[in-house]
Amino acid sequence: MGIASRNSLRAWLRAPGSLSRRLAQLGERFEVELISQRIAPLRARELDALGRPRRGCTLVREVILRVDGRPLVWARSSLHASALAGPWRALKGLGPRPLADLLYSDRRVHRSELQPRRLARYGHTRRQMEKQWLLATGTPASKQMLWSRNSVFSRCGAQLRVMELFTPELVRDIPVINRVMTCTRMNNRP
């Protein structure tokens, strides 16, 4: 497989709305594999995105999104643990359900602009993803798995950062936008 560039993944990096819904349209079975949900220190980019939260615990959730058994996305969400007692408390019991179940069913949730970002080849996030990917799939992550999109969801003043890292395999799949946008609009009707 060739190099997965920002241009070749552009449709995925910029697609609005629920990534889970778009991925589900690529096959018969969509699933979220919960790899880890734990208290962990925030990384520099997370601190910046969340406005340098005050001291305290941070919840980090890492998952692999699969379609028909194929692992296609590694995602990491993070928030200050104080938000777990407030606006994001449902995250504690989410388990293997898609995060989209929380994000797109509540009109009070607002999303920042999507920010495509190339992951550092040898950074901490890359090493963490590679370790988890190998354990969960039995195969090493592609060296071309470098492009992610990042955004921050806000609800009642509490923020949740989501990073979604795409496999180069998605280059050959175009996300369905019109149909998904219709579903999203229908779910957001009063």
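See above for the structure.
Every chain is numbered on its own, with residues counted from 1 as its sequence reads. Per-residue local features of the predicted model are confined to residues with pLDDT of at least 70, and side-chain atom pairs are confined, for both listing and counting, to 80 or more; whole-chain, interface and lining totals are unaffected and use all residues. Side-chain numbers come from the whole structure's heavy atoms, not from hydrogens or water.

J.: For this particular structure, what's the right way to read the environment of L94?
T.: Considering the arrangement of structural elements, one finds L94 in the loop between β3 (70-80) and α4 (100-103). Sequence-wise, L94 and L34 are 60 residues apart; in three dimensions their C-alpha atoms are separated by 9.6 Å. Whether two residues touch is decided by their heavy atoms; if any such pair falls within 4.5 Å, the residues are in contact. Apart from residues no more than four positions distant in its own chain, L94 is found in contact with R61, L99 and L102. The secondary structure listing takes helices from DSSP runs of H or I that are at least 4 residues long and strands from runs of E that are at least 2 residues long, numbered from the N terminus.

J.: Would you mind showing me how to read the nonpolar core here?
T.: Where a protein is soluble and globular, its nonpolar side chains tend to be buried together. By convention a nonpolar core is built from buried Ala, Val, Leu, Ile, Met, Phe, Trp, Tyr and Cys residues, the set being connected through side-chain atoms within 4.5 Å. Remark: exposure states derive from per-residue accessible area (1.4 Å probe, protein chains only) relative to the maximum for the residue type, with buried under 20%, exposed over 50%, and partly exposed in between. Counting residues in each nonpolar core, the largest one holds 17 residues, and the members touching the most others are L79, W88, L91, L99, L103, F153 and L160. Among the secondary structure elements, those contributing two or more residues to this core are α4 and β7 (158-166). Dropping the residues within four chain positions of it, W88 is found in contact with L79, A83, L103, V109, F153, S154, R155, A158, Q159 and L160. L19, L72, A75 and W147 belong to the second-largest nonpolar core, a separate cluster that totals 16 residues.

J.: Hey, could you run me through the pairing of β3 in this one?
T.: When a strand is regular, its side chains alternate between the sheet's two faces. Burial analysis of β3 places 10 of its 11 residues in the buried class, the great majority of the element. Direction of pairing for strand β2 (residues 58-67) relative to β3: antiparallel, over a ladder of 10 bridges. Opposite R66, over in β3, you have P71 as the bridge partner. A pair of strands counts as paired when DSSP detects no fewer than two bridges linking them. Linking two consecutive strands that pair antiparallel, namely β2 and β3, is a turn of 2 residues; a positive phi of about 50 degrees is found at D68 within it. Bridge count between β3 and β7: 6 bridges; the pairing is antiparallel. For W74, the partnering residue across the bridge sits in β7 and is L165.

J.: Mind showing me how you'd approach the side chain of E169 here?
T.: With respect to the helices, strands and loops of the structure, E169 is situated in the loop between β7 and α6 (178-187). We classify E169 as buried; its relative accessible area is 19%. A polar atom in the side chain of E169 sits 2.5 Å from the side chain of R70. Here a polar contact means two N or O atoms within 3.5 Å. Within protein one must be a hydrogen donor candidate and the other an acceptor candidate, and residues neighboring in sequence count only if both atoms are side-chain atoms.

J.: Is there a simple way to explain the pattern of salt bridges in this structure?
T.: Once the charged atoms of two side chains with opposite charge are near each other, the side chains can pair. Any carboxyl oxygen of Asp or Glu that lies within 4 Å of a side-chain nitrogen of Lys or Arg is treated as forming a salt bridge with it. Taken as a whole and judged by the stated rule, the model has 12 salt bridges. Here E31 and R29 are joined by a salt bridge, their closest N and O atoms 3.1 Å apart. We classify R29 as partly exposed; its relative accessible area is 45%. In this structure, R38 engages E62 in a salt bridge whose closest nitrogen and oxygen atoms are separated by 2.7 Å. Of the two residues, R38 is situated in strand β1 (residues 30-39) and E62 in strand β2; the sequence distance between them amounts to 24 residues. Accessibility expressed as a relative area gives 26% for R38, which makes it partly exposed. What makes E62 buried here is its relative accessible area of 0%.

J.: Got a minute to help me understand the side chain of D106 in this structure?
T.: Assignment of secondary structure puts D106 in the loop between α4 and β4 (109-111). A distance of 2.8 Å separates a polar atom in the side chain of D106 from the backbone nitrogen of R108.

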